[in-house]
Amino acid sequence: VFNIACGQRTTLRELYAAIRHEVAQFDASVRDQALRSEAPRPGDVPHSLADIERACNVLGYQPTHNVMQGLKRTVAYYAHAVRSAGTTDASSVNEPIVNTVNNL
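These lines cover the structure that appears in this document, whether it is placed above or below. Remember, predicted model here, so these are calculated numbers, not experimental data.

### Considering the overall build of the protein
Logical step 1: In terms of helices and strands, the protein carries 4 helices and 0 strands.
Logical step 2: Ordered by position from N to C terminus, the α and β elements of the protein give α-α-α-α.
Logical step 3: Expressed as a percentage of its 104 residues, the buried residues of the protein come to 20%.
Logical step 4: Put simply, 73% of the contacts in the protein that link residues at least 6 apart link residues at least 24 apart.
Logical step 5: Carbon and sulfur atoms make up 53% of the accessible area of the protein, which totals about 7,800 Å².

Encoded structure:
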């Protein structure tokens with residue numbers, strides 16, 4: 001088993017803020033979306049950092065993007081795909097993006 005990651009720690013709050021920022025480039029309505037958080041549940045992992053050392057040593061893996069770079073490219077890809085769907089209904093173009101942010 002190999003961990004394929006970027007070798008950097010990212011908190012859920014940082015990830016949420018970055019997703020919201022990137023999605024807001026395509027849908028301004030998400031700019032003001034607040035993070036909805038609840039108390040931790042039993043079994044929740046408060047911090048996570050994938051150890052990529054084995055993948056680096058065995059596979060020669062070297063990350064080429066950090067989380068924020070990958071996220072920026074991913075959101076742009078999905079925003080383009082949604083808009084390229086050919087719909088003329090603006091709410092259906094924005095709905096998948098807004099729902100993604102709202103369901104985090």
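### Quick look at the nonpolar core
Nonpolar side chains in soluble globular proteins tend to be buried together.
Logical step 1: In this structure, Ala-18, Ile-19, Val-23, Ala-24, Val-30, Leu-71 and Val-75 together form the largest nonpolar core, which totals 7 residues.
Logical step 2: Sorting the residues of this core by element identifies α1 (12–24) and α3 (67–83) as the ones contributing at least two each.

### Some words on the pattern of salt bridges
Logical step 1: Under the definition given, this model contains 1 salt bridge.
Logical step 2: In this structure, Arg-41 engages Asp-44 in a salt bridge whose closest nitrogen and oxygen atoms are separated by 3.5 Å.

### Here we look at the packing of α1 against α3
Logical step 1: The geometry of α1 relative to α3 is characterised by a closest axis approach of 10 Å and an angle of 35° between their N-to-C directions. The way α1 lies across α3 gives a crossing that is right-handed. Contacts from Glu-14, Leu-15, Ala-18, Ile-19, Glu-22 and Val-23 in α1 reach Val-67, Met-68, Leu-71, Lys-72 and Val-75 in α3.
Logical step 2: Class assignment for the residues of the contact of α1 with α3 results in 8 nonpolar, no polar and 3 charged.

### A short note on the side chain of Asp-27
Logical step 1: Tracing the sequence through the fold places Asp-27 in the loop between α1 and α2 (53–59).
Logical step 2: Although Asp-27 is buried, it forms no salt bridge, and the closest oppositely charged side chain is Arg-83 at an N-O distance of 6.7 Å.
Logical step 3: A polar side-chain atom of Asp-27 sits 2.6 Å from a polar atom in the side chain of Ser-29.

### Quick look at the environment of Pro-46
Logical step 1: Checked against the element boundaries, Pro-46 lands in the loop between α1 and α2.
Logical step 2: A relative accessible area of 70% places Pro-46 in the exposed class.

### Examining α3
Logical step 1: Under the 1.5 Å per step criterion, the end-to-end length of α3 is 24 Å for 17 residues, consistent within 8% with the ideal 24 Å.
Logical step 2: Those residues of α3 that sit buried are Leu-71, Val-75, Ala-79 and Val-82. One side of α3 holds all its buried residues, which, seen down the axis, span an arc of 65°. Residues Arg-73, Tyr-77 and His-80 are exposed on α3 and point more than 90 degrees away from its buried face.
Logical step 3: The residue sitting at the N-terminus of α3 and contributing the capping side-chain oxygen is Asn-66; that oxygen lies 3.0 Å from the backbone nitrogen of Met-68.

Conventions and cut-offs
Residues numbered from 1 in each chain as written. Predicted model: local features only at pLDDT ≥ 70, side-chain atom pairs only at ≥ 80, totals over all residues. Heavy atoms only, no water. Helix = DSSP H or I, 4+ residues; strand = E, 2+ residues; numbered from the N terminus. Buried < 20%, exposed > 50% of the residue type's maximum accessible area, 1.4 Å probe, protein only. Contact = heavy atoms within 4.5 Å. Areas by Shrake-Rupley, 256 points an atom, 1.4 Å probe, with all protein chains shown as cover. Core = buried A, V, L, I, M, F, W, Y, C linked by side-chain atoms within 4.5 Å. Salt bridge = Lys/Arg side-chain N within 4 Å of Asp/Glu carboxyl O. Axes fitted to C-alpha atoms, helices over the stretch in contact; angles between N-to-C directions. Left-handed = near helix turned anticlockwise from the far one by under 90°. Nonpolar A, V, L, I, M, F, W, Y, C, P; charged D, E, K, R; others polar. Lys, Arg positive; Asp, Glu negative; His and termini not counted. Polar contact = N/O pair within 3.5 Å; in protein donor to acceptor, adjacent residues only side chain to side chain. Expected span 1.5 Å × (residues − 1). Arc of directions from axis to C-beta.

Function-wise, these values are silent; they only describe arrangement.
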